Amino acid sequence: MTRRQALGRAVSRLQRADASDAALDAQWLLAHVCGAERLALLLALDEPLSAQEWTCFDALLARREAGEPLQYVLGEASFLGRAFRVDPRVLIPRADTETLAEAMCACLTPGLRVLDMGAGSGALAISAALACPQARVTGADISEDALAVARENGERLGARVEWVRSDLFSALEGRCFDMIVSNPPYIPTGELKGLQREVRREPVLALDGGEDGLACYRAIVRGLPGRLCPGGSLLLEVGDGQAARVRALLEKLFDSTAVLADLSGLDRVVTGDGYAG
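Not measured: the values here are computed from a predicted model. (Residues numbered from 1 in each chain as written. Predicted model: local features only at pLDDT ≥ 70, side-chain atom pairs only at ≥ 80, totals over all residues. Heavy atoms only, no water.)

1. Quick word on the packing of aromatic side chains
All chains considered together, the criterion is met by 3 aromatic pairs. On the numbers, 5.9 Å between centres and 75° between planes, the contact of Trp 54 with Phe 57 is edge-to-face. You can see Trp 54 and its partner Phe 57 sitting in helix α4 (residues 51-65), 3 residues apart, about one turn around the helix. Look at Phe 79 and Phe 84: their rings are 6.1 Å apart centre to centre, the planes differ by 80°, and that puts the pair in the edge-to-face class. A relative accessible area of 0% means that Phe 79 is categorised as buried. On the basis of relative accessible area, Phe 84 is assigned to the buried category, the value being 0%. We note Arg 9 situated over the ring of Trp 54; from NZ or CZ to the ring centre the distance is 5.9 Å. Sitting over the face of the ring of Trp 28, Arg 38 holds its NZ or CZ atom 5.3 Å from the ring centroid. (Phe/Tyr/Trp six-rings, centres within 6.5 Å; stacked < 30°, edge-to-face > 60°. Helix = DSSP H or I, 4+ residues; strand = E, 2+ residues; numbered from the N terminus. Buried < 20%, exposed > 50% of the residue type's maximum accessible area, 1.4 Å probe, protein only. Lys NZ or Arg CZ within 6 Å of the ring centre and 35° of its normal.)

Here it is, written out as structure tokens:
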């Protein structure tokens, strides 16, 4: 069997399973099995596929057919050009969150104390530490499982990050940060069952934002006194249609607030600068 034939069979299987992008998913999976870059694979589709490669490919396809997210099947997700290891213990880093990461990195300076609240895979905290190694970066998460993934990513990518298990600010008593960033859970509880089947495989803890999706934003804002230094900054990712309400939570606490759009033109990040303390 050639790679081309295997790819054709895979696309048909994934289409029958209603995979969101059957052709692209099949290419990524086959490239992973063959140890090749995806574009290099497409230039060598007439190469033979060994029986061992087919067995591995078939097993990965079965997982994807069953609705497991592609990134979990591959074991990694790309974020700001870096490969982060991911599995069902953590939310999958997405391109939307790169808007938050880029805004964060643009403000980093040596010595800045940065907190990534709800660190998950560590994508934001690690990106900050690599963008400005002289910054002092802390990643906090309530899930020890998530922190295990974040630690592994940090070690593999060579990022110096302090990891803390904390339910929001509970384990950070007496500590003050110059910048707090967060991509908190923001899906309203009633909408969870209607999410794509792949998204429903991700940790509910990282998705469920309470009745209106804003529970974590309110909790973060309540916890700012004594945790965000006077003059500090807060950067938050938000869901569709939430920017105005989240911005309203910040307007009386900061000298200035702003809303940033993602590459699709959707309001994705709310920032507050000059915390009143």
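So that's the structure; there's more coming.
2. Concerning the UniProt feature "domain: Release factor glutamine methyltransferase N-terminal" (unreviewed entry) in the protein
Residues given the UniProt feature "domain: Release factor glutamine methyltransferase N-terminal" (unreviewed entry) here are residues 5-75. With 70% helix and 0% strand, residues 5-75 has its two end C-alpha atoms placed 25 Å apart. (UniProt positions renumbered as here; feature names shortened; annotations may be inferred.)

3. Examining the UniProt feature "binding site: substrate" (unreviewed entry) in the protein
According to UniProt, the "binding site: substrate" (unreviewed entry) feature falls on Asn 183, Pro 184, Pro 185 and Tyr 186. For the largest pocket, the lining residues drawn from the annotated set are Asn 183, Pro 184, Pro 185 and Tyr 186. You can call Pro 184 buried: its relative accessible area is 5%. Non-local contacts of Pro 184, meaning those with residues more than four positions away in its chain, are made with Cys 216, Tyr 217, Ile 220 and Glu 237. As for its position among the elements, Pro 185 is in the loop between β6 (177-182) and α9 (215-222). For Pro 185, a relative accessible area of 13% gives the class buried. Apart from residues lying up to four places away in sequence, Pro 185 is in contact with Leu 205, Ala 206, Leu 207, Asp 208, Gly 209, Gly 213 and Cys 216. (1 Å grid on protein atoms, 1.4 Å probe; cavity = no way out; pocket = protein on both sides within 12 Å on 5 of 7 lines; lining within 4 Å. Contact = heavy atoms within 4.5 Å.)

4. Some remarks on the pattern of salt bridges
Under the definition given, this model contains 19 salt bridges. With its nearest N and O atoms 2.9 Å apart, the salt bridge here joins Asp 25 to Arg 64. Taken as a pair, Asp 25 in helix α2 (residues 22-34) and Arg 64 in helix α4 lie far apart in primary sequence, 39 residues in all. Arg 64 matches Asp 25 in its accessibility class, with the two residues each being buried. Between Glu 68 and Arg 63 there is a salt bridge, with its nearest N and O atoms 2.7 Å apart. Owing to a relative accessible area of 12%, Glu 68 belongs among the buried residues under this scheme. Connected through shared salt-bridge partners, Asp 25, Arg 64, Arg 197 and Glu 198 make up one network. (Salt bridge = Lys/Arg side-chain N within 4 Å of Asp/Glu carboxyl O.)

5. Brief notes about the state of the cysteines
In the structure shown here, the tally under the stated rule is 1 disulfide. Each disulfide pairs two cysteine sulfurs, and for Cys 176 the partner residue is Cys 229, the sulfurs being separated by 2.3 Å. Highlighted residues: Cys 176 in the loop between β5 (162-165) and β6 and Cys 229 in strand β7 (residues 228-237), separated in sequence by 53 residues. Taking relative accessible area as the criterion, Cys 176 reaches 26% and is therefore assigned partly exposed. On the accessibility criterion, Cys 229 (8% relative accessible area) is buried. The cysteine Cys 105 is free of any disulfide, with Cys 132 supplying the nearest cysteine sulfur at 9.0 Å. The thiol sulfur of Cys 107 is not disulfide-bonded, and the nearest other cysteine sulfur, from Cys 105, lies at 9.3 Å. (Disulfide = S-S within 2.5 Å.)

6. Focus: the environment of Phe 84
Relative to the helices and strands, Phe 84 resides in strand β2 (residues 82-85). Discounting residues that sit within four places of it in the chain, Phe 84 has contacts with Gly 75, Glu 76, Ala 77, Phe 79, Ser 121, Gly 122, Ala 123, Ile 126, Ser 127, Asn 153, Arg 156 and Leu 157.

7. Thoughts on the layout of surface pockets
Computed from the structure, the largest pocket encloses a volume of approximately 1000 Å³. As for the largest pocket, its lining consists of 48 residues, of which Leu 91, Asn 183, Pro 184, Pro 185 and Ala 206 are closest to the centre. No other element matches α9, which puts 3 residues into the lining of the largest pocket. Its boundaries defined by the atoms lining it, the second largest pocket holds a volume of some 820 Å³. Lining the second largest pocket are 28 residues, with Trp 28, Leu 70, Gln 71, Leu 74 and Glu 76 positioned closest to its centre. If you list the elements that add at least two residues to the lining of the second largest pocket, you get α2, α5 (70-74), β1 (76-79) and β2. (Points joined across faces, edges and corners; volume = space filled by probe spheres on them.)

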